[in-house]
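Residue-level listing of the chains:
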Amino acid sequence: MGNYTTEEILRMAEEEDVEFIRLQFTDMFGTLKNIAITARELPRALNHEYLIDCSFIAGISGEREPDMYLRPDLDTFSVLPWRPQQGKVARLLCDICRPDGTPYPGSSRYILKKTVDDALADGYTCYVDPECEFFLFHTDDNGMPTTVTHEQAGYLDISPLDLGENARRDMVLTLEDMGYEVESSHHETAPAQHEIDFKYGEVRKMADCLMTFKMAVRIIAKRHGLHATFMPKPKKEVNGSGMHLHFSLFKNGRNIFQDQENPEKLSDEAYYFAGGLLAHSKEMALITNPLVNSYKRLVPGYEAPTKLTWTKNNQDSLVRISDPRGDETRIELRSPDPAANPYLVFAVCLAAGLDGIRKKLMPVEASDSPGFEEGQKGEDLGELPENLKEAITLFEESSWIKEILGREFCEEYAAAKKKEWMRYTTEITKWELEEYLYRI
């Protein structure tokens with residue numbers, strides 16, 4: 001992937017014998033949608049002339065005029081490696097626009113773009129390094145997902161204990177074929193749990209990357225006779241899957257989180273950014289942890305955060321600042337899970353960090369000991385929401401979140417989540433398994 005022009009894409013499609021192009025976009029909840037067109041329709045699509053009916057797309061369905069145009073992002077053109085080599089299939093990620101050509105304000109990709117532009121106005125460029133975990137389970141005789149696995153591998157185990165090693169390797173190779181830089185992959189703590197890590201990148205590109213990552217992981221898993229799920233907590237007795245995010249903020253080509261003059265090698269902006277994440281984590285939990293099942297992961301004893309704490313070394317903390325490494329200095333947020341919409345998660349996290357910098361929100365003073373948690377003992381720092389219902393309430397009460405996402409978006413998002421909670425309370429176990437394991 002690169003800085004392509006319309007002419008270059010048309011030429012590449014012809015040279016690669018591309019016969020179908022998938023125009024992909026993301027709904028309110030982070031579900032990837034697409035419409036397939038033939039190669040002869042590509043010039044029309046690249047000219048932003050492709051109109052689709054969004055009457056049944058979450059986040060748009062309530063519009064009076066749901067017909068929207070898809071505006072392809074030329075830099076996201078990629079041939080899908082798992083499709084036939086003759087008559088190939090390519091994809092383009094698209095923005096959603098109204099018929100008059102203006103961006104649709106409820107598009108999660110556009111919401112992230114607005115937040116990035118807000119950061120750029122202050123001279124900041126945000127980079128993020130996501131750690132995305134997932135499970136690989138067997139399917140039943142009808143090909144339907146289960147939560148069954150025959151392996152007992154643990155953290156960083158290898159074959160033959162790690163029965164998903166070959167599938168994970170193929171996932172990495174597929175992503176590399178699509179132009180993404182994968183830094184590492186490994187087996188995670190729970191049996192059948194895996195992680196693939198990307199080289200950090202600009203926040204908008206990484207949101208696109210995560211959407212592609214989920215698609216590729218599911219498809220390659222299916223080819224190995226497995227089902228990949230990003231459900232946060234598919235099994236009660238083991239660790240859940242998180243999407244830990246490592247943020248860095250650059251200005252004038254320099255990571256502003258570092259300060260070589262400070263004994264801790266961290267700048268005031270680093271503390272303020274962390275303070276912003278801590279200050280807004282509760283009200284943005286409905287975005288970072290959007291499911292009923294998300295809050296079954298956020299419980300003590302499974303390396304997931306519950307309290308609004310920050311440390312250097314504690315794996316249970318909400319915010320963690322690793323040892324400063326110059327331009328590699330990053331701030332980690334550990335609450336998000338992989339079921340979340342990455343565009344919205346990155347938008348609210350970046351906005352929270354920027355708010356911390358602007359308001360100089362210094363987190364609870366840490367002690368001089370290597371573990372920052374010493375300065376937080378005895379402090380009532382608050383906790384993350386215990387369940388989806390509490391997260392909805394905090395979300396609806398927040399004026400800040402409405403400024404970031406838009407009032408109409410927040411109202412529709414909260415209404416959908418209320419229906420989800422209501423359904424859960426009336427059809428509990430069976431519904432949760434079917435809704436989350438199959439779709440997430």
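Okay, so let's go over this structure. The residue numbering used here restarts from 1 in each chain and proceeds along that chain's sequence as written. Local features in this predicted model are restricted to residues of pLDDT 70 or higher, and side-chain atom pairs are both shown and tallied only at a pLDDT of 80 or more, whereas totals for entire chains, interfaces and linings draw on every residue. Heavy atoms from the whole structure form the basis of all side-chain values; hydrogens and water molecules are not counted.

1. Re the nonpolar core
Take the buried Ala, Val, Leu, Ile, Met, Phe, Trp, Tyr and Cys residues and link them wherever side-chain atoms come within 4.5 Å; each set so joined is a nonpolar core. Only protein chains enter the accessibility calculation, which uses a 1.4 Å probe; a residue is then buried when its area is under 20% of its type maximum, exposed when over 50%, and partly exposed in between. Among the nonpolar cores identified, the biggest contains 99 residues, and F213, L249, F346 and L405 are the most heavily contacted of them. Contact criterion: two residues are considered in contact whenever any of their non-hydrogen atoms come within 4.5 Å of each other. Sequence-distant contacts of F213, that is, excluding residues within four places in its chain, are made with C132, F134, L175, I196, F198 and F230. Ranked by size, the runner-up nonpolar core spans 25 residues in total, among them A45, M68, F77 and L92.

2. Some thoughts on the side chain of S241
Helix and strand definitions follow DSSP, with helices as H or I runs of at least four residues and strands as E runs of at least two, each counted in order from the N terminus. Structurally, the position occupied by S241 is in the loop between β11 (226–229) and β12 (243–251). The residues touching S241, leaving out its near neighbours within four places in the chain, are E133, F134, F135, Q193, M231, P232, R297, D337 and P338.

3. Considering the environment of D100
You can see D100 is positioned in the loop between β6 (88–97) and α3 (108–121). In this structure D100 comes out as exposed when scored by relative accessible area, which is 59%. Considering only alpha carbons, one finds D100 and A414, 314 residues apart in sequence, at a separation of 28 Å. Within 3.5 Å is the distance limit for a polar contact, defined as a pair of N or O atoms, with the added protein rule that one can donate a hydrogen and the other accept it, and that residues adjacent in sequence qualify only through two side-chain atoms. At 2.6 Å, the side chain of D100 forms a polar contact with the side chain of T102.

4. Re the pattern of salt bridges
One side-chain nitrogen of Lys or Arg within 4 Å of one carboxyl oxygen of Asp or Glu is enough to make a salt bridge. Going through the model one piece at a time under the given rule, you end up with 20 salt bridges. Here R320 ties to E332 by a salt bridge, and the two come within 3.0 Å at their closest N and O atoms. Here R320 is found in strand β15 (residues 319–321), whereas its partner E332 is found in strand β16 (residues 331–333), with 12 residues between them in sequence. Overall, E332 belongs to the buried group, its relative accessible area being 3%. Where E332 meets R334, a salt bridge forms, and the shortest distance between an N and an O atom there is 2.9 Å. Comparing E332 with R334, the two get one shared label, buried. Where salt bridges share partners, they join D73, D95, R109 and D208 into one cluster.

5. With respect to the packing of helix α4 (residues 165–177) against helix α5 (residues 203–223)
Running from amino to carboxyl end, α4 crosses α5 at an angle of 135°, the nearest separation of the two axes being 9 Å. Put simply, α4 runs oblique to α5. By crossing handedness, the relation of α4 to α5 is classed as right-handed. Counted together, A167, D170, M171, T174 and L175 of α4 and F213, A216, V217, I220 and A221 of α5 form the full contact between these two elements. For this classification, the nonpolar set comprises Ala, Val, Leu, Ile, Met, Phe, Trp, Tyr, Cys and Pro, the charged set comprises Asp, Glu, Lys and Arg, and every other residue, Gly included, is treated as polar. Here the contact of α4 with α5 is composed, by residue class, of eight nonpolar, one polar and one charged. To obtain each axis, a line is fitted to C-alpha atoms, and for helices this fit is confined to the stretch in contact; angles are then taken between N-to-C directions over 0 to 180 degrees. Here is the rule for angles: anything less than 35 degrees is roughly parallel, anything more than 145 is roughly antiparallel, 65 through 115 is roughly perpendicular, and the remaining ranges are oblique. Handedness of a helix crossing follows the sense of rotation of the near helix relative to the far helix, less than a right angle counterclockwise being left-handed and clockwise being right-handed.

6. Remarks on α4
For α4, which comprises 13 residues, the first-to-last C-alpha distance of 18 Å matches the rise-based estimate of 18 Å (1.5 Å per residue) to within 8%. Of all the residues in α4, the buried ones are A167, R168, M171, V172, T174 and L175. Buried residues in α4, looked at end-on, bunch into an arc of 165°, giving them a common side. Buried residues along α4 sit against β7 (125–138), β8 (182–187), β9 (193–198), α5 and β11. A positive phi of about 100° marks G179, the residue just after α4. Here a helix's expected span is defined as the number of its residues, less one, multiplied by 1.5 Å. An arc is given here, and it is the one of the directions from the helix axis to the C-beta atoms.

7. A few points about the packing of aromatic side chains
In summary, the pairing rule links any two rings of Phe, Tyr or Trp, Trp by its six-membered ring, whose centres are within 6.5 Å, and it sorts them by plane angle into stacked for under 30 degrees, edge-to-face for over 60 and tilted for everything else. Taken as a whole and judged by the stated rule, the model has 15 aromatic pairs. Ring geometry for Y180 and F198: centres 6.4 Å apart, planes at 75°, overall edge-to-face. Here F198 lies in strand β9 and Y180 lies in the loop between α4 and β8, a separation of 18 residues in the sequence. On the basis of relative accessibility, which here comes to 8%, the residue Y180 falls in the buried class. The buried category is assigned to F198, whose relative accessible area is 1%. An aromatic cluster of at least three residues, connected via ring pairs, comprises F134, Y180, F198, F213 and F230. Here, over-ring charges are defined by two tests on the NZ atom of lysine or the CZ atom of arginine: distance to the ring centre within 6 Å, and angle to the ring normal within 35 degrees. Above the face of the Y50 ring, R44 is positioned so that its terminal group lies 4.7 Å from the ring centre.

Shape descriptors only; they carry no functional weight alone.
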